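Structural overview for review
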Amino acid sequence: MESNGVLVVGGGMVGAALAVDLGRRGIPVRVLEAHPPKPLTGDEPLRLRVSALNRRSISYLEEIGAWSALQPGRLADFDEVLTWDVSGSGRLHFSAQELGLERLGVFIENEHLQTTLLDVARSQSAVQLDAPAPTLDIEPGDSGPRLELAGEGTLDPGLVVAADGAASPLRDAAGIRVWEGDYGQHAVVATVDPEPAAARRTWQRFTPEGPQALLPLAGGAASLVWYVRPAKARELLALPEADFVRALEDAMPVELGRIAHLYGRASFPIRRLHARRYWRGNLALVGDAAHVIHPLAGQGVNLGLRDARALAEQIAEAHRLGLPLAHPPLLSAYERARRPDNQLMQSTMTAFHVGFTAPIGPLAPLRGWGIGLADRGGWLKRRVLRYALDGQ
């Protein structure tokens, strides 16, 4: 690969968005995605992993020409968020109406967004998309990871972007260390048809075992998320389908109703991670390669898309000025722009986790009182909601 181009390793939602952004600016970019998702068919059930896109992410996808390429029938607007603690009486209610908005955000299947972004990238003349990509051999090197692509040999791009996930081989080969921890929970996720059908409200309930949530999806379906200990997650997934559905109905609040159909279920561990630096040499990190937060507020993909936008702006500046794409001052500016935001969100989600899972016994009702106080918080409540929507 030419030394004046960008190599994005990982064509997930964040890596693909970055490639589309660079491609529309005419900056040569190559994307290596080893395992692209299967194309969606019009009548297939909703896929399991979903994300909540906030207003800022939607605006970014509109800006790079990807939003209009999504299938409207696979998107679900939501305009209310209801949160409460099973140990107390307080409830926190956010609504789009409070801010004079049409919606708070949109739920979308991760693979639908990823596939759409890859399709848009494929249509751009400045983008070379390898999906599925040949095997990439990554080894530590003096000035950054050494890359050997099967059938092609050594790659020498001007900038390598690690969009290869939380276990990033590129990050490790560059010697970038991380702070990480385990929340001691797994998220059990199920896509269901509830009765009554899910509306435009998402709810979240805190229990001593962990949070439970309903995320409304297209066509009245819903994604149920149940945070439990790893052993409990294994037990739930081992149950026959009917018993699993019964366990969900018994555990979830009455707001769920009953489950008419189960489309799929899975679980994944909940961890946190933050890279000690976002770049080294000619390597920059984005998305989960740089930071992983508790999925409690569904902000992971939104933070990753902000990474993509910020890094694209710095790469475009280097390109405009005729500087190396890995120009250290510009990569440092990218890190300064993104680290505080990512750290704040990670710390906030960790505080929520600790605050709502700590066994505080007779003081538990205070959490409900605190939620009720927050609901009456006026300006502060609106400020928190604005930050979740716009990151500002």
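For the structure, check the block above.
Notes on the structure in this doc start here. (Residues numbered from 1 in each chain as written. Predicted model: local features only at pLDDT ≥ 70, side-chain atom pairs only at ≥ 80, totals over all residues. Heavy atoms only, no water.)

Helix and strand counts for the protein come out as 10 helices and 20 strands. Expressed as a percentage of its 392 residues, the buried residues of the protein come to 54%. Sequence-distant contacts in the protein: of pairs separated by 6 or more residues, those separated by 24 or more amount to 74%. Just so you have it, the protein exposes about 16900 Å², and 54% of that area is on carbon and sulfur atoms. (Helix = DSSP H or I, 4+ residues; strand = E, 2+ residues; numbered from the N terminus. Buried < 20%, exposed > 50% of the residue type's maximum accessible area, 1.4 Å probe, protein only. Contact = heavy atoms within 4.5 Å. Areas by Shrake-Rupley, 256 points an atom, 1.4 Å probe, with all protein chains shown as cover.)

Let us look at the sheet that holds strand E10 (residues 146–149). Spatially, the three strands line up as an open sheet ordered E9-E10-E11, and their pairing is antiparallel. Pairing within the sheet leaves two strands with one partner each, and these edge strands are strand E9 (136–139) and strand E11 (153–155). When the angles between neighbouring strand axes are averaged without regard to direction, this sheet yields 30 degrees. Where E10 meets E11, three bridges bridge the pair, whose relative direction is antiparallel. (Pairing = 2+ DSSP bridges. Axes fitted to C-alpha atoms, helices over the stretch in contact; angles between N-to-C directions.)

What follows covers the packing of aromatic side chains. Following the criterion strictly, the structure yields three aromatic pairs and no others. Seen from their ring centres, Phe78 and Phe107 are 4.7 Å apart, and the 35 degrees between their planes marks the pair as tilted. Of this pair, Phe78 sits in strand E4 (residues 75–78) while Phe107 sits in strand E7 (residues 105–109), and the two are 29 residues apart along the sequence. Taking the relative accessible area as the measure of exposure, Phe107 reaches 5% and is therefore buried. With centroids separated by 5.9 Å and ring planes inclined at 50 degrees, the aromatic side chains of Trp84 and Trp203 adopt a geometry described as tilted. Residue Trp84 is located in strand E5 (residues 80–85), and its partner Trp203 is located in strand E14 (residues 201–206); the two are separated by 119 residues in the primary sequence. By relative accessible area, Trp84 is classed as buried at 7%. Judged by relative accessible area, which is 4%, Trp203 ranks as buried. (Phe/Tyr/Trp six-rings, centres within 6.5 Å; stacked < 30°, edge-to-face > 60°.)

Core analysis: the largest hydrophobic core is formed by 72 residues, its most contacted members being Val6, Leu53, Leu117 and Leu311. No other element matches helix H7 (residues 300–321), which puts nine residues into this core. The contact partners of Leu117, leaving out residues within four places of it in the chain, are Met13, Ala16, Ala17, Val20, Leu61, Ile64 and Ala66. Within the second largest apolar cluster, 24 residues are counted, among which are Leu92, Tyr183, Leu215 and Val225. (Core = buried A, V, L, I, M, F, W, Y, C linked by side-chain atoms within 4.5 Å.)

With that settled, consider unusual backbone geometry. The peptide bond linking Ala131 to Pro132 adopts the cis configuration, its omega dihedral lying at 5 degrees. Relative to the assigned elements, Pro132 resides in the loop between strand E8 (127–130) and E9. Omega for the peptide link from Glu195 to Pro196 comes to 5 degrees, which places this bond in the cis form. Its location among the elements puts Pro196 in the loop between strand E13 (178–195) and E14.

The next subject is helix H3 (residues 110–122). Relative to the 18 Å expected for 13 residues at 1.5 Å per residue, H3 spans 18 Å between its end C-alpha atoms, a close match to the ideal helical length. Of all 13 residues in H3, 10 are buried, a share of seventy percent or more. Considered for burial, the residues of H3 that qualify are Asn110, His112, Leu113, Gln114, Thr115, Thr116, Leu117, Leu118, Val120 and Ala121. Tucked into the core, H3 has its buried residues touching helix H1 (13–24), strand E3 (50–53), helix H2 (55–63), E7 and E8. (Expected span 1.5 Å × (residues − 1).)

This brings us to the pattern of salt bridges. Enumeration according to the criterion identifies 25 salt bridges in this entry. With its nearest N and O atoms 2.9 Å apart, the salt bridge here joins Asp21 to Arg25. The class of Arg25 is partly exposed, set by a relative accessible area of 31%. Taking the shortest distance from any N to any O, the salt bridge between Glu317 and Arg320 comes out at 2.9 Å. Residue Glu317 and its partner Arg320 are located together in helix H7, separated by three residues, close to a single helical turn. Taken together, the shared-partner salt bridges connect Asp21, Arg24, Arg25, Glu63 and Arg309 into one network. (Salt bridge = Lys/Arg side-chain N within 4 Å of Asp/Glu carboxyl O.)

Per the stated rule, a full pass over the model turns up one cavity of 30 Å³ or more. Space inside the largest cavity adds up to approximately 30 Å³. What lines the largest cavity is simply Leu46, Val50, Arg74, Phe107, Ile108, Glu109, Leu217 and Ala218. With three residues, the top contributor of residues to the lining of the largest cavity is E7. (1 Å grid on protein atoms, 1.4 Å probe; cavity = no way out; pocket = protein on both sides within 12 Å on 5 of 7 lines; lining within 4 Å. Points joined across faces, edges and corners; volume = space filled by probe spheres on them.)

As a further point, take the sheet that holds E4. Overall, antiparallel pairing links the three strands, which are arranged E3-E7-E4 in an open sheet. The two strands at the open ends of the sheet, each matched to only one other strand, are E3 and E4. Across the sheet, the mean angle separating the axes of adjacent strands is 25 degrees when strand polarity is ignored. Those strands touched by H3 are E3 and E7, and its axis lies near 85 degrees from that of E7.

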